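Examination of the molecular architecture
These are the residues of each chain, in order.
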Amino acid sequence: MAVSWSGAKIGDSVLDLCCGSGDLSFLLSEKVGLSGKVTGLDFSKEQLSVASVKQASLWKSCYKNISWVEGDALDLHFPDEYFDAITMGYGLRNLIDKRVAMKEIHRVLRPGSRVSILDFNKSTNTYVTLLQEWMLDNVVVPVATSYGLTEQYKYLKSSIRDFLTGPEQEKLAKEVGFGNAKHYEIGGGLMGALVATR
């Protein structure tokens, strides 16, 4: 859904910010095809290494169009108006300065192009918030713990609590220059996607 909402199409040059191990990058690769180009950017060398190994082990020829770049989402080393579409999965919530990140996304997007940002949703509905916190405490973190990943997941509840609501994300996108911004609650309100057009 996040990749489709980005508007990426055959032949496009696209960016997957905070790409981690590359899940959205691989989906973008299929959208833009061999004539397109995908840049997966992350600050973590370890995650980029995992993404590179996955790329080498997967059989689709279009995956050759992906380049992995170590970089900072708050200081993108790309020219203005360079990308036809941008995605970000579970990254905006973890960035220190969300306004700077959105400004950088706006700067490197071509006019008329879109960014699609998927993340946990900070709901204004008390029931959804309680359900989300229960799921994190009783399902997500215990499962992560069984794989030895407690530290990587136990911060989720506090990071969601400190995140922006959907309307706040829309407001921020418009303040940095996006002409249109819409936040969609998905997964029963547990997740959300901000789609903004430059």
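Here's a quick rundown of the structure. Residue positions within a chain follow its written sequence, with the count starting from 1. With the structure being a predicted model, the display of local features is reserved for residues of pLDDT at least 70 and the display and counting of side-chain atom pairs for 80 or more, all residues being used for whole-chain, interface and lining totals. Values reported for side chains reflect all heavy atoms of the structure, with hydrogen atoms and water molecules removed beforehand.

**Some points on the layout of surface pockets**
- As a volume, the largest pocket reaches approximately 1000 Å³.
- Space inside and on the surface of the protein is sampled on a 1 Å grid over the protein atoms alone, with a cavity defined as a set of points where a 1.4 Å probe fits but cannot get out and a pocket as an open set with protein on both sides within 12 Å along at least 5 of 7 lines; lining residues have an atom within 4 Å of a point. Gly20, Gln47, Tyr90, Asn94 and Tyr155 are, among the 30 residues lining the largest pocket, the residues nearest its centre.
- For the lining of the largest pocket, a count of residues per class yields 14 nonpolar, ten polar and six charged. Grid points are joined across faces, edges and corners, and a volume is the space filled by probe spheres set on the points. The classification used treats Ala, Val, Leu, Ile, Met, Phe, Trp, Tyr, Cys and Pro as nonpolar, Asp, Glu, Lys and Arg as charged, and all other residues, Gly among them, as polar.

**Details of the nonpolar core**
- Ranked by size, the top nonpolar core spans 27 residues in total, and within it Leu17, Ile86, Met102, Ile105 and Phe178 carry the most contacts.
- Only DSSP runs of H or I with at least four residues qualify as helices, and only runs of E with at least two residues qualify as strands; both kinds are numbered from the N terminus onward. Mapped by element, the contributors of at least two residues to this core are strand 1 (13–17), strand 4 (83–89), helix 4 (98–108), strand 5 (109–120), helix 8 (166–175) and strand 7 (191–197).
- Counting residues per element, this core draws most heavily on helix 4, which supplies four residues.
- If sequence neighbours within four positions are ignored, Leu17 has contacts with Leu41, Ala73, Leu76, Ile86, Thr87, Met88, Gly89 and Ile105.
- Side-chain atoms within 4.5 Å are what join buried Ala, Val, Leu, Ile, Met, Phe, Trp, Tyr and Cys residues into a set we call a nonpolar core. For the exposure calls, accessible area comes from a 1.4 Å probe over protein chains only, and a residue counts as buried if that area is under 20% of its type's maximum, exposed if over 50%, partly exposed in between. Among the nonpolar cores identified, the runner-up in size contains 16 residues, and Val3, Val32, Val38 and Tyr63 belong to it. The criterion used for residue contact is that any of the two residues' heavy atoms lie within 4.5 Å.

**Observations regarding the pairing of strand 5**
- Two strands pair when backbone bridges link them, and strand 4 and strand 5 are joined in this way by six bridges, in the parallel orientation. In the sheet register, Gly89 faces strand 5, and the bridge partner there is Leu118.
- A crossover gets the label right-handed when its path from the first strand over the helix to the second runs clockwise, viewed with the strands pointing away from the viewer. For the segment spanning strand 4, helix 4 and strand 5, crossover handedness is right-handed.
- If DSSP finds at least two bridges between two strands, the strands pair. Where strand 5 meets strand 7, seven bridges bridge the pair, whose relative direction is antiparallel. Its bridge partner lying in strand 7, Phe120 is registered against Met191.

**As for the packing of helix 4 against helix 8**
- The axes used here are C-alpha line fits, helices contributing only the stretch in contact, and every angle between their N-to-C directions lies in the interval 0 to 180 degrees. Where helix 4 meets helix 8, the axes come as close as 9 Å, and the angle between the chain directions of the two elements is 55 degrees. Considering the angle they form, helix 4 stands oblique to helix 8. Considering only the axes of helix 4 and helix 8, their crossing is right-handed. Contacts from Lys98, Arg99 and Met102 of helix 4 reach helix 8 at Leu172, Ala173 and Glu175. Roughly parallel means an angle under 35 degrees; roughly antiparallel means over 145; roughly perpendicular covers 65 to 115; every other angle is labelled oblique. Should the near helix be turned anticlockwise from the far one by less than a right angle, the crossing is left-handed, and should it be turned clockwise, the crossing is right-handed.

**Details of the environment of Pro79**
- Position of Pro79 relative to the elements: it lies in the loop between strand 3 (66–70) and strand 4.
- Overall, Pro79 belongs to the partly exposed group, its relative accessible area being 46%.
- Placed 113 residues apart in sequence, Pro79 and Gly192 show a C-alpha to C-alpha distance of 29 Å.
- Among residues more than four places away in sequence, those in contact with Pro79 are Arg107 and Val108.

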